[in-house]
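Understanding the architecture of this molecule
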Amino acid sequence: MNEIPVTVLSGYLGSGKTTVLNNILNNRQGLKIAVIVNDMSEVNIDKDLIADGGGISRTDEKLVELSNGCICCTLREDLLQEVEQLCNKGDIEQIIIESTGISEPVPVAQTFSYMDEEMGIDLSKLCRLDTMVTVVDANRFINDIQSQDLLNDRGQGVSDEDARTIADLLIDQIEFCNVLILNKTDLVSLEKLDELEQILRKLQPEAKFIRTTHGAVNLADVLNTQRFDFETASSSAGWIRELTHGGHETHTPETEEYGISSFVYRRRLPFHAARFNHWLETMGNNIVRAKGIVWLAQYNNVACLFSQAGSAVEINPVTYWVASMEAAAQRSILNERQDVREMWDPEFGDRNTQFVVIGTDLERRQIEQELDHCLLKYDEMDLDWNTLEDPFNWVLQ
């Protein structure tokens, strides 16, 4: 049996995902498409489409409505079952999944990447994840990325404990896709549209970009493209490419024209946690994205992941530095990993800070000076770092 190609439509609420889907269905050129949506009432399936044998029908369950919730978490079991049933029924040439406006695309993609042993379902033998599409509202993106709102502030969280911000969600959806649809372009001036696209290309340099009005796309751009690869998509974010390419920037005339740039901040001295936290709280709103690993003096044994998306900032310990491990474990890792050996410092081992900064009209030298001010001073190096002011008060195991 040939594997059925699957397209996933992601995008924040109001971006135009359903409009894109309706355009696909109305121009499907006889293609037999099965659709999985969260709110079937929003999809316009008129009687002609149902009657002409195109394979889109409520009555024979070729159009599947999932229960309310987030497709990336509470509905994962439903998603596995529904996709398996559709594939086994046959007579389907394409599956389209419209995820909720608050869902993250990575967990959806993972559903198609491995066997669920508990349920005994292996979708990779029935279908292939073909295209991850993210739809962006060109008119609202800048306002939303700079918003300090949580999803719950807008009544959009999956639970009372949902602590995600709008900015976090937008970045997650943009950084994991291979087709990015810039929709509602008729509501934005051409100059603003060009600037927005360059910002998005800095965040997601690998995706195919499509500008649309009213969600009108060519089917060949979003269906059976054979473009998706999980590993490639996982490393396609702009901040990852910047780090892995050594921070050597390549500027296009467009990014120079609109003042959009990025750089990598690298240091082999620790941050004073309180001073760095103050910088996080006061960083300029022209910094759209920053992410990487940070070394904090007050937490000398652990590497911390720093992630900023618009107004949302998060920093948390994620792993132990190799240099903080027992000698036997250090030797084992150093023998196995050339990358750790190459960056090993005789005094500090693998401890270091490196993160990417992406934004508009960035004053790189000024930002670097501000960050350097957050590093430990010469006279602080000999102090007991555990006695320094600590704004985080993490309890580590």
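Preceding block: the structure.
Residues numbered from 1 in each chain as written. Predicted model: local features only at pLDDT ≥ 70, side-chain atom pairs only at ≥ 80, totals over all residues. Heavy atoms only, no water.

Of all hydrophobic cores here, the largest spans 36 residues; its most connected members are Phe141, Leu180, Leu200 and Leu203. Elements that contribute at least two residues to this core include exactly helix H5 (141-145), helix H6 (166-175), strand E6 (179-183), helix H7 (190-203), helix H10 (238-244), strand E8 (260-267) and strand E12 (353-360). A per-element tally of this core places H6 first, with six residues. Residues lining this core come from more than one domain, with at least three contributed by each of domain 1 (4-236) and domain 2 (254-387). The contacts of leucine 200, once residues within four sequence positions are left out, are Val136, Phe141, Ile174, Leu180, Leu182 and Phe209. (Core = buried A, V, L, I, M, F, W, Y, C linked by side-chain atoms within 4.5 Å. Buried < 20%, exposed > 50% of the residue type's maximum accessible area, 1.4 Å probe, protein only. Helix = DSSP H or I, 4+ residues; strand = E, 2+ residues; numbered from the N terminus. Domains from an automatic or database assignment. Contact = heavy atoms within 4.5 Å.)

When strand E10 (residues 302-309) meets strand E11 (residues 312-320), the two strands line up antiparallel, connected through eight bridges. Looking across to E11, one finds that cysteine 304 is bridged to proline 317. Hairpin connection between E10 and E11: a loop of two residues separates the two successive antiparallel strands, and glycine 310 in this loop has a positive phi of roughly 60°. (Pairing = 2+ DSSP bridges.)

Below, the discussion takes up the packing of aromatic side chains. Taken as a whole and judged by the stated rule, the model has 14 aromatic pairs. Where phenylalanine 228 meets phenylalanine 230, the ring centres are 6.4 Å apart and the plane angle is 80°; that geometry is what we call edge-to-face. Through a chain of ring-to-ring contacts, three or more aromatic side chains come together here, namely Tyr265, Phe271, Phe276, Trp279, Phe306 and Phe355. (Phe/Tyr/Trp six-rings, centres within 6.5 Å; stacked < 30°, edge-to-face > 60°.)

Turning our attention to the pairing of strand E1 (residues 4-10). Here E1 lies mainly inside the structure; seven of its seven residues are buried. Of the two faces of E1, the one holding Ile4, Val6, Val8 and Ser10 and the one holding Pro5, Thr7 and Leu9 are both buried throughout. Examined bridge by bridge, E1 and strand E5 (residues 127-137) share seven bridges and lie parallel to one another. Note on E5: the bridge partner recorded for isoleucine 4 is cysteine 127. Alignment of E1 against strand E4 (residues 94-98), held across four bridges, turns out to be parallel. The partner of valine 6 across the bridge, within E4, is isoleucine 95.

This brings us to helix H12 (residues 273-282). Burial of H12 is extensive: seven of the 10 residues sit out of reach of the surface. Listing the buried residues of H12 in full gives Ala273, Ala274, Arg275, Phe276, Asn277, Trp279 and Leu280.

This next bit is on unusual backbone geometry. Leave glycine aside and you will find that most residues have negative phi; peptide bonds, for their part, are mostly trans. Backbone geometry at glutamine 226 places phi at a positive 55°, although glycine is not the residue there. By the element assignment, glutamine 226 lies in the loop between helix H8 (219-222) and helix H9 (230-234).

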